[in-house]
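Residue-level listing of the chains:
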Amino acid sequence: MSQKYAGAARPARAPAEPLPPLSCDCHLHVFGDPAQFPDRHPNPVHKSLEATWEDALKMHHAVGFSRGVFVQPANYMTDHTYLKEALARVPRGQYRATGIIDDGVSDAELETLHDSGMRGVRFNFVRQFNMAPSPATFHRSIARIRAYGWYVKIFIGAEEIAGHIDTLRDVTSVPVLVDHMGRTPPNHPARRLVVDLVKRENVWMLLSNGPRMSAQASGWDDMVPLGRELYAAAPDRCIFGTDWPHTHSQKEGGGPEEDALVGLLYKFLPDAKSRQAVLVDNPARLHGF
């Protein structure tokens, strides 16, 4: 039996204040048995463990999510074998996916991925992953996905965003979803770039991963001002994701609990209207639920 990620092996809990009906976890990863679904990245940041679609459904049921978006792990690169397997197994009308493509992904494969439930592609500009696309590949990929109505998801950090801001501003023909609040710590100089970016009418924001940027061990209240500012800048274009199974926190017992992450989100969104927008209505528009 393969080893599970700690975040997948532990039981999840419902938040103290329940999620609205039809809430969507817009960012989680699933991993199959590494013996059957090996890593494709030649130098992964970490070697994959297991966090199956069954584990994901169990977590969602416990926390209260009715919908979800599986995000292709960087370790699998453009091999979507397990992602397609997961999408075929979960309730079809309730799950979508974000993939990874380059020029080597065929038109036929794009069609298959769309039919499976893919609605966006993720580009990784974080230096340590060494996966940033060339400008030419980036723009060719955007041209290819435009016909499907997909979005572009940008995984980028505070240290990289200034160097790529013009590239991101140039994307106007498809929605652009910025991952994890731009991975911007409190009071970082990149904060203004991230907030200004989400004010653009085609840019969306994932209000997630606050604990990773926070200087606090728990509660993460130092992230609340940024979360509130991002929501205020684009209330109809903010969504949320757990980032389960918290692969980066394997050595920390699995990382932040999902109910605590929802609790932090609720500090960003103190009223029922904003929570309905971020957890239900906005995800439904972006992913076609």
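As a starting point, this report considers the structure included with it. What you see is a predicted model; the values in this text were computed from it and never measured. (Residues numbered from 1 in each chain as written. Predicted model: local features only at pLDDT ≥ 70, side-chain atom pairs only at ≥ 80, totals over all residues. Heavy atoms only, no water.)

1. A few points about helix α4 (residues 107–116)
As a reminder of what qualifies: Burial status follows relative accessibility: with a 1.4 Å probe on protein chains alone, a residue under 20% of its type maximum counts as buried, one over 50% as exposed, and anything between as partly exposed. Every helix listed is a DSSP run of H or I at least four residues long, and every strand listed is a run of E at least two residues long, numbered separately from the N terminus. In this description, one arc is meant: the one made by directions from the helix axis to the C-beta atoms. The criterion used for residue contact is that any of the two residues' heavy atoms lie within 4.5 Å.
Looking at α4, one finds that the buried residues are L110, L113, H114 and S116. Take α4 and look down its axis: the buried residues cluster within an arc of 160°, on one side only. Those residues of α4 that are buried lie in contact with α3 (81–89), β4 (118–124) and α5 (135–146). One or two steps after α4, the chain reaches G117, where phi turns positive at roughly 125°.

2. A few points about the pairing of strand β3 (residues 95–99)
To keep things clear, this is the line we draw: By convention, orient the strands away from the viewer: a clockwise path from the first strand over the helix to the second makes the crossover right-handed. Only when DSSP finds a minimum of two bridges between them are two strands counted as paired.
Along β3, five of the five residues are buried, which leaves the element largely enclosed by surrounding structure. With burial as the criterion, each face of β3 is covered, one bearing Y95, A97 and G99 and the other bearing R96 and T98. A crossover connection joins strand β2 (residues 67–71) to the parallel β3 through α3; in handedness this β-α-β unit is right-handed. Judged from the three bridges that link them, β3 and β4 form a sheet pairing that is parallel. Bridge assignment links A97 to a residue of β4, and that residue is M118. Read as a crossover between parallel neighbours, the route from β3 over α4 to β4 is right-handed.

3. Here we look at the state of the cysteines
In a disulfide, the sulfur atoms of two cysteines are held together by a covalent bond. We count it as follows: Pairs of cysteine sulfur atoms within 2.5 Å are what we label disulfides.
Under the criterion given, the structure shown has zero disulfides. Not part of a disulfide, C26 finds its nearest cysteine sulfur in C24, a span of 3.7 Å. Distance from the sulfur of C238, which forms no disulfide, to the nearest cysteine sulfur (C26) is 11 Å. On the basis of relative accessibility, which here comes to 0%, the residue C238 falls in the buried class.

4. Examining the packing of helix α7 (residues 191–198) against helix α9 (residues 224–233)
Quick note on the threshold: The convention used is that axes are lines fitted to C-alpha atoms, helices contributing only their stretch in contact, and that angles between N-to-C directions extend from 0 to 180 degrees. An angle below 35 degrees is treated as roughly parallel, one above 145 as roughly antiparallel, one from 65 to 115 as roughly perpendicular, and anything else as oblique. The hand of a helix crossing depends on one turn: near helix anticlockwise from the far one by less than a right angle means left-handed, and clockwise means right-handed. We call Asp, Glu, Lys and Arg charged. Ala, Val, Leu, Ile, Met, Phe, Trp, Tyr, Cys and Pro are nonpolar, and the rest, Gly among them, are polar.
Here α7 crosses α9 at 25°, and the two axes come no closer than 8 Å. When the axes of α7 and α9 are compared, the pair comes out roughly parallel. Judged by the twist between their axes, the crossing of α7 over α9 is right-handed. Where α7 abuts α9, its residues R191, R192, V194, V195 and V198 lie against P225, L226, E229, L230 and A233. For the contact of α7 with α9, a count of residues per class yields seven nonpolar, no polar and three charged.

5. Side note on the nonpolar core
For soluble globular proteins, nonpolar side chains are generally found buried alongside one another. Rules: Nine residue types can take part in a nonpolar core, namely buried Ala, Val, Leu, Ile, Met, Phe, Trp, Tyr and Cys, and a core is a set of them joined through side-chain atoms within 4.5 Å.
Ranked by size, the top nonpolar core spans 78 residues in total, and within it F70, I154, L207 and L230 carry the most contacts. Ignoring anything within four residues of it in the chain, the contact list for L207 reads M181, G227, L230, Y231, C238, I239, F240, L265, F268, L269 and V278. Among the nonpolar cores identified, the runner-up in size contains nine residues, and V69, W204, I239 and L286 belong to it.

6. Description of the pattern of salt bridges
Going by this rule: In the sections that follow, a salt bridge refers to a side-chain nitrogen of Lys or Arg positioned within 4 Å of a carboxyl oxygen of Asp or Glu.
Applying the stated criterion to the full structure yields 20 salt bridges. Of the charged contacts in the structure, one is a salt bridge between E85 and R89, with a shortest N-O distance of 3.0 Å. Remark: R89 and E85 occur in helix α3; sequence separation between them is four residues, near one turn of the helix. Look at E85 and you get partly exposed, because its relative accessible area is 29%. Of the charged contacts in the structure, one is a salt bridge between K153 and D179, with a shortest N-O distance of 3.3 Å. Taken together, the positions of K153 in strand β5 (residues 151–155) and D179 in the loop between β6 (176–178) and α7 put the pair 26 residues apart, joining distant regions of the chain. On the basis of relative accessibility, which here comes to 0%, the residue K153 falls in the buried class. Connected through shared salt-bridge partners, R191, R192, D196, K199 and E229 make up one network.

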